[in-house]
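# An overview of the molecular structure
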Amino acid sequence: MVNVPKTRNTHCVRCNKHKTHKVSQYKAGKASLYAQGKRRYDRKQRGFGGQTKPVFHKKAKTTKKIVLRLECSGCGYKKQQAIKRCKHFELGGEKKTKGAALTY
């Protein structure tokens, strides 16, 4: 389980100094119907003949790399930072304390 704080003090490229950044998790946007690849695929799929392009089934990975989206509090500049793979990701959860009793 990875727990990341909601704010982080790190370098801003535009301000050229360390500022506090608001941390959020990157999420891919909705795929456009008008992207060249989608237009080509839809054209190829029309009519008779079934599936024209291969459908991927051999999925090897069980996790995805987590990407953090950092927004500068000073100028609003946004940058992305990839961290390692993990099954459970938490943003701004409670900090673990040393020697605390386990709670279920």
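Refer to the structure above for everything that follows.
Nothing here was measured: the structure is a model prediction, and the numbers come from that model.

## Some points on the pairing of strand E3 (residues 17–25)
Judged from the 6 bridges that link them, strand E2 (residues 7–12) and E3 form a sheet pairing that is antiparallel. Paired with Thr-7 across the strands is Lys-22, a residue of E3. Linking E2 back to E3 in an antiparallel pair, the connection comprises 4 residues, with Asn-16 at a positive phi of about 60°. Looking at chain direction, E3 and strand E4 (residues 65–72) are connected through 5 bridges and run antiparallel.

## As for unusual backbone geometry
Phi at Asn-16 is positive, roughly 60°, even though this residue is not glycine. A relative accessible area of 58% means that Asn-16 is categorised as exposed.

## Side note on the sheet that holds E4
Taken in spatial order, the 4 strands of this open sheet run E2-E3-E4-E5, and their pairing is antiparallel. Each edge of the open sheet is held by one strand with a lone partner, namely E2 and strand E5 (78–85). Direction aside, the axes of adjacent strands within the sheet are offset by 40° on average.

## Looking at the state of the cysteines
Under the criterion given, the structure shown has 0 disulfides. The cysteine Cys-72 is free of any disulfide, with Cys-12 supplying the nearest cysteine sulfur at 3.7 Å. Under the relative-accessibility criterion, Cys-72 is labelled buried at 3%.

## Brief notes about the environment of Cys-86
In this fold, Cys-86 is placed in the loop between E5 and strand E6 (89–91). On the accessibility criterion, Cys-86 (13% relative accessible area) is buried. Along the sequence, Cys-86 and Ala-35 sit 51 residues apart, while their C-alpha atoms lie 31 Å from each other. Ignoring anything within four residues of it in the chain, the contact list for Cys-86 reads Val-2, Thr-63, Lys-64 and Ile-66.

## Description of a positive patch on the surface
Taken together, the side chains of Arg-14, Lys-22, Arg-69 and Lys-78 define a basic patch exposed on the protein surface. In this structure, Lys-22 sits in strand E3.

Cut-offs and rules
Residues numbered from 1 in each chain as written. Predicted model: local features only at pLDDT ≥ 70, side-chain atom pairs only at ≥ 80, totals over all residues. Heavy atoms only, no water. Pairing = 2+ DSSP bridges. Helix = DSSP H or I, 4+ residues; strand = E, 2+ residues; numbered from the N terminus. Buried < 20%, exposed > 50% of the residue type's maximum accessible area, 1.4 Å probe, protein only. Axes fitted to C-alpha atoms, helices over the stretch in contact; angles between N-to-C directions. Disulfide = S-S within 2.5 Å. Contact = heavy atoms within 4.5 Å. Patch = residues over 30% accessible without salt bridge, like charges linked within 9 Å, V, L, I, M, F, W, Y side chains within 5 Å. Areas by Shrake-Rupley, 256 points an atom, 1.4 Å probe, with all protein chains shown as cover. Salt bridge = Lys/Arg side-chain N within 4 Å of Asp/Glu carboxyl O. Lys, Arg positive; Asp, Glu negative; His and termini not counted. Charge placed at Lys NZ, Arg CZ, Asp CG, Glu CD.

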